Amino acid sequence: MHFSPNPLLHVAPAEPIEAERLGAWLHETDPQIFRRLHGGDEALSRRHLAAQWTASAGLHSHVHATAAYREGSLMGVAIGYDAHTLSAQELPQFRCAIRTIGGRRALRMFGWW
């Protein structure tokens, strides 16, 4: 569904674009928790969140987001899911963490190490 309350904005399902920007935006939603989850490494946190944004599944994937665009540029996003979808995203989230930050860090992040 596309919704455009403002002729300058276009609201539509999000696309996996501008990953670095989204990684920074997501990190800034709670920088303390994301720094803690990534061992104090803010750059790693942003890279990991950027990778999650472009993934086809996971808690911070674009597939769960609606985006606002202005002249093709991303202006903002809203991410949301129901309880069933949330629980189904844990494994893809973990796989993305392994690829992005490494197995040991991912295990620690999820409380399994």
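Structure's up top.
Residues numbered from 1 in each chain as written. Predicted model: local features only at pLDDT ≥ 70, side-chain atom pairs only at ≥ 80, totals over all residues. Heavy atoms only, no water.

Participant: Talk me through the side chain of Gln-89; I want residue IDs and the actual numbers.
Facilitator: Here Gln-89 lies in the loop between helix H4 (83-88) and helix H5 (90-101). Looking at Gln-89, its side chain comes within polar contact range of the side chain of His-64, at 3.3 Å. Not counting residues within four places of it along the chain, the set of residues in contact with Gln-89 comprises Ala-57, Gly-58, Leu-59 and His-64. (Helix = DSSP H or I, 4+ residues; strand = E, 2+ residues; numbered from the N terminus. Polar contact = N/O pair within 3.5 Å; in protein donor to acceptor, adjacent residues only side chain to side chain. Contact = heavy atoms within 4.5 Å.)

Participant: So what's going on with the packing of helix H3 (residues 42-54) against H5? Residues and values would help.
Facilitator: Between two packed helices, what matters for the description is the angle formed by their axes and the separation of those axes. In contact at an axis separation of 10 Å, H3 and H5 are set at 130° when each is read in the N-to-C sense. Relative to H5, the element H3 is oriented oblique. The hand of the H3/H5 crossing is right-handed. Along its contact with H3, which presents Leu-44, Arg-47, His-48, Ala-51 and Gln-52, the element H5 presents Gln-93, Cys-96, Ala-97, Thr-100 and Ile-101. When the residues that make up the contact of H3 with H5 are grouped by side-chain class, the tally is five nonpolar, four polar and one charged. (Axes fitted to C-alpha atoms, helices over the stretch in contact; angles between N-to-C directions. Parallel < 35°, antiparallel > 145°, perpendicular 65-115°, else oblique. Left-handed = near helix turned anticlockwise from the far one by under 90°. Nonpolar A, V, L, I, M, F, W, Y, C, P; charged D, E, K, R; others polar.)

Participant: Provide a residue-level description of a nonpolar patch on the surface, including the pertinent values.
Facilitator: A contiguous nonpolar patch, built from Ile-79, Tyr-81 and Leu-86 and spanning about 220 Å² of accessible area, is present on the exposed surface. Looking at the element boundaries, Tyr-81 is found in the loop between strand S3 (73-79) and H4. By relative accessible area, which is 33% here, Tyr-81 ends up partly exposed. (Patch = residues over 30% accessible without salt bridge, like charges linked within 9 Å, V, L, I, M, F, W, Y side chains within 5 Å. Areas by Shrake-Rupley, 256 points an atom, 1.4 Å probe, with all protein chains shown as cover. Salt bridge = Lys/Arg side-chain N within 4 Å of Asp/Glu carboxyl O. Buried < 20%, exposed > 50% of the residue type's maximum accessible area, 1.4 Å probe, protein only.)

Participant: Residue-level account of the packing of helix H1 (residues 19-29) against H3, with values.
Facilitator: For the pair H1 and H3, interaxial distance at closest approach is 7 Å and the crossing angle is 115°. Two packed elements cross with a definite hand, and for H1 against H3 that hand is right-handed. Counting all contacts with H1, which are made through Ala-19, Glu-20, Leu-22, Gly-23, Ala-24, Leu-26, His-27 and Glu-28, the residues of H3 involved are Glu-42, Ser-45, Arg-46, Leu-49, Ala-50, Trp-53 and Thr-54. Counted by class, the contact of H1 with H3 contains seven nonpolar, four polar and four charged residues.

Participant: How would you summarise H1 if you had to cite specific residues and measurements?
Facilitator: Among all positions of H1, only Ala-19, Leu-22, Gly-23, Ala-24, Leu-26 and His-27 are buried. In this structure, the buried side of H1 is in contact with helix H2 (31-37), H3 and S3.

Participant: I'd like to hear about the pairing of S3, residue by residue, with values.
Facilitator: Bridging between strand S2 (residues 65-70) and S3 involves six bridges; their strand directions are antiparallel. Paired with Ala-65 across the strands is Ile-79, a residue of S3. (Pairing = 2+ DSSP bridges.)

Participant: Go over the sheet that holds S2 with me, naming the residues and quoting the values.
Facilitator: Working definition: the strands of a sheet are paired by backbone hydrogen bonds and lie parallel or antiparallel to each other. Strand order in the open sheet made by the three strands is S1-S2-S3, with antiparallel pairing throughout. Whereas interior strands pair on both sides, the edge strands pair on one side only; in this sheet they are strand S1 (10-13) and S3. Averaged over all adjacent pairs, the angle separating strand axes in this sheet is 25°, with direction ignored.

Participant: Let's hear about unusual backbone geometry: which residues, and what values?
Facilitator: Backbone geometry places Glu-18, a non-glycine residue, at a positive phi of 50°. Its location among the elements puts Glu-18 in the loop between S1 and H1. The phi dihedral of Glu-71 is positive, around 50°, even though this residue is not glycine. Within the secondary structure layout, Glu-71 lies in the loop between S2 and S3.

By themselves, these are just geometric observations and shouldn't be taken as functional.
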